Amino acid sequence: MADWYEAFFASLADMDEYLATDLVDRALDSGLTPQQVLLEVIAPAQARVGREWAAGRFTVAREHAATAISERAIAALSRHRAGPRPTGARGRVTVACVDGEWHALPARLVAETLRLRGWQVDFLGAHVPTPHLIAHLHATGPDAVALSCSLATRLPAAHATITACQSAGIPVLVGGAGFGPDGRYARLLGADGWAPDAESAVAHLEQQSLLTTTAHPELGDPYTALPHLADQEYTLLSRSRRQLAAQAMAGLEQRLPAMSGYTDRQREHTREDIDHILDFLVATVYLDQAQILSDFLLWTADILDARNVPPRSLLTVLDVIADQLRDFPRTLAVIDAGRTAVNTASSPLHSRPTEETA
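Looking up the protein chain in an unreviewed UniProt entry gives the name B12-binding domain-containing protein, with the organism given as Streptacidiphilus alkalitolerans.

Trainee: Give me the overall build of the protein chain: which residues, what numbers.
Mentor: Counting secondary structure elements, the protein chain contains 18 helices and five strands. Counting every position in the protein chain, which comprises 358 residues, the buried fraction comes to 46%. By sequence separation, contacts in the protein chain at least 24 residues apart represent 71% of the contacts at least 6 residues apart. For the protein chain, the exposed surface amounts to about 17,200 Å²; the carbon and sulfur share of it is 53%.

Trainee: Tell me about the packing of helix H1 (residues 2–13) against helix H4 (residues 60–78), and name the residues and values.
Mentor: At a minimum axis distance of 8 Å, the contact between H1 and H4 shows a crossing angle of 130°. Compared by their axis directions, H1 and H4 come out oblique. The segment H1 lies against H4, with Phe 8, Leu 12 and Ala 13 engaging Arg 62, Ala 66, Ile 69, Ser 70 and Ala 73. Of the residues contributing to the contact of H1 with H4, the split by class is six nonpolar, one polar and one charged.

Trainee: Before we move on, can you summarise the packing of aromatic side chains with the specific residues and values?
Mentor: A full pass over the atoms with the stated rule returns five aromatic pairs. Ring geometry for Tyr 234 and Tyr 286: centres 4.8 Å apart, planes at 70°, overall edge-to-face. Linking Tyr 234 in helix H13 (residues 233–239) with Tyr 286 in helix H15 (residues 264–287), this pair joins segments that are 52 residues apart in sequence. Judged by relative accessible area, Tyr 286 falls into the buried class, the value being 6%. Counting every residue linked through ring pairs, the aromatic cluster contains Trp 53, Phe 280, Phe 296 and Trp 299.

Trainee: So what's going on with the nonpolar core? Which residues, and what values?
Mentor: Grouped together as the largest cluster of nonpolar side chains are 60 residues, with contacts concentrated most on Leu 155, Phe 179, Ile 277, Leu 281 and Ile 321. In contact with Ile 277, not counting residues within four places along its chain, are Leu 293, Phe 296, Leu 297, Leu 314, Val 317, Leu 318 and Ile 321. Grouped together as the second largest cluster of nonpolar side chains are 47 residues, Leu 38, Cys 97, Leu 105 and Trp 119 included.

Trainee: Can you explain unusual backbone geometry? Please cite residues and give values.
Mentor: Although it is not a glycine, His 127 sits at a positive phi angle of roughly 50°. Position of His 127 relative to the elements: it lies in the loop between strand E2 (120–125) and helix H6 (130–140). At Asp 288, a residue that is not glycine, the phi angle is positive and equals roughly 60°. Along the chain, the position of Asp 288 falls in the loop between H15 and helix H16 (290–306). Look at Asp 288 and you get partly exposed, because its relative accessible area is 33%.

Trainee: Quick one: what's the story with the state of the cysteines, residue by residue and with numbers?
Mentor: Under the criterion given, the structure shown has zero disulfides. Unpaired in terms of disulfides, Cys 97 finds its nearest cysteine sulfur in Cys 149, a separation of 8.9 Å.

Trainee: Describe the pairing of strand E3 (residues 144–148), listing the residues and the values that go with them.
Mentor: Consecutive side chains of a regular strand alternate in pointing toward one face of the sheet and then the other. Of all five residues in E3, five are buried, a share of seventy percent or more. On E3, burial covers both faces: Ala 144, Ala 146 and Ser 148 on one face and Val 145 and Leu 147 on the other are all buried. Strand direction decides the pairing type here: strand E1 (residues 92–97) and E3, joined by five bridges, are parallel. Residue pairing across strands places Val 95 opposite Ala 146, the latter belonging to E3. The sheet contact formed by E3 and strand E4 (residues 172–175) spans four bridges and is parallel. When the bridges of E4 are listed, Leu 147 appears paired with Val 174.

Trainee: Describe the pattern of salt bridges, and please don't skip the residues or the numbers.
Mentor: Applying the stated criterion to the full structure yields 20 salt bridges. As a salt-bridge pair, Asp 122 and Arg 92 come within 2.9 Å of each other at their nearest N and O atoms. Residue Asp 122 is found in strand E2, and its partner Arg 92 is found in strand E1; the two are separated by 30 residues along the sequence. For Arg 92, a relative accessible area of 22% corresponds to the partly exposed category.

Trainee: Tell me what's going on with helix H18 (residues 329–346), and back it up with residues and numbers.
Mentor: Here H18 contains 18 residues, and its C-alpha end-to-end distance of 26 Å stays within 8% of the 26 Å for a straight helix at 1.5 Å per residue. Turning to H18, its buried residues are Arg 330, Thr 331, Val 334, Ile 335, Gly 338, Arg 339, Ala 341, Val 342 and Ala 345.

Trainee: Now, about the sheet that holds E4: what can you tell me, with residues and values included?
Mentor: Ordered by their spatial adjacency, five strands build an open sheet running E2-E1-E3-E4-E5, and the pairing between neighbours is parallel. Strands at the two margins of the open sheet, each flanked by one partner only, are E2 and strand E5 (193–195). For this sheet, the mean angle separating the axes of adjacent strands, direction not counted, is 20°. Across five bridges, E1 lies against E2 in parallel orientation. Each bridged residue has a counterpart across the sheet, and for Ala 96 the counterpart in E2 is Gly 125. Running over the sheet, H6 touches E1, E2 and E3 and is turned about 170° from E1. Along the sheet, helix H9 (residues 198–205) contacts E1, E3, E4 and E5; its crossing angle with E5, the most-contacted strand, is approximately 150°.

Rules and cut-offs
- Residues numbered from 1 in each chain as written.
- Predicted model: local features only at pLDDT ≥ 70, side-chain atom pairs only at ≥ 80, totals over all residues.
- Heavy atoms only, no water.
- Helix = DSSP H or I, 4+ residues; strand = E, 2+ residues; numbered from the N terminus.
- Buried < 20%, exposed > 50% of the residue type's maximum accessible area, 1.4 Å probe, protein only.
- Contact = heavy atoms within 4.5 Å.
- Areas by Shrake-Rupley, 256 points an atom, 1.4 Å probe, with all protein chains shown as cover.
- Axes fitted to C-alpha atoms, helices over the stretch in contact; angles between N-to-C directions.
- Parallel < 35°, antiparallel > 145°, perpendicular 65-115°, else oblique.
- Nonpolar A, V, L, I, M, F, W, Y, C, P; charged D, E, K, R; others polar.
- Phe/Tyr/Trp six-rings, centres within 6.5 Å; stacked < 30°, edge-to-face > 60°.
- Core = buried A, V, L, I, M, F, W, Y, C linked by side-chain atoms within 4.5 Å.
- Disulfide = S-S within 2.5 Å.
- Pairing = 2+ DSSP bridges.
- Salt bridge = Lys/Arg side-chain N within 4 Å of Asp/Glu carboxyl O.
- Expected span 1.5 Å × (residues − 1).

Okay, structure coming up:
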């Protein structure tokens, strides 16, 4: 299995679509099952692509090309699906990504694994607006919805989608890195279940307890499920998001005179960094979970470190943003927690966990 995985990753690294699809065919001919190829070859190789990008060894374009090839490999795998077309006897599941979520491959892995196990699947792909998802549910009446969210910035949208699906009488299983490493945010938002990977998702759906779960009316109102929203900080912060980004950029230019010599590309990267931090800050304030922003800042610090940029530069950005939010006590507490996380990670006495221990 390790040999097939290494060979498939090499095809992704070389952006060789023909080799990737040929490897899928040969792996199946060698005796591997479609599910083994999907979950033990394609999925871990694609995860490694993400790590290579984070380490600065893959460009964004190369990462996108590799992801597209993985999609083609999954399509090639589907040609070898054994048995008759699923009749829906095991059940019908709608698989979709949260509105604004463009990382569709994790959801695709769940959809294909369900199909291999005999389920009838409606795979709606990336970035599905909630009203369109609900219309589809009313038209098709599935047993459950499997909802994917890779970025925590989409959690407010995920909360609205979970509530809408449950109001339509459909239980919701969620997955993806956006819900936290142990699914803690899934529980907070009232999802009926959480799964860390495709195989776990299928096992969860095969438990009849999920398929008969009723809605959670007490969680339908965000102010009931998340009472801290009554302070209006999230509402004000999200509404002023664009203005805050412009003010933060101007404040950063005042603090860092060297920015006057930035190229257009450097300035654009700086704007993007501010935008990402603000997006995660808004989501953090929505859930009142400081770890969301802190985890993102630590991940960003690793990215910067791989690109020879001092991770402590994040502290200046946080200070500039905090200057604009002096009347937002809960938001300032979140920023302080993020600042502490970056300071701790930047300390020479602090050793970050390795990939194996994280």
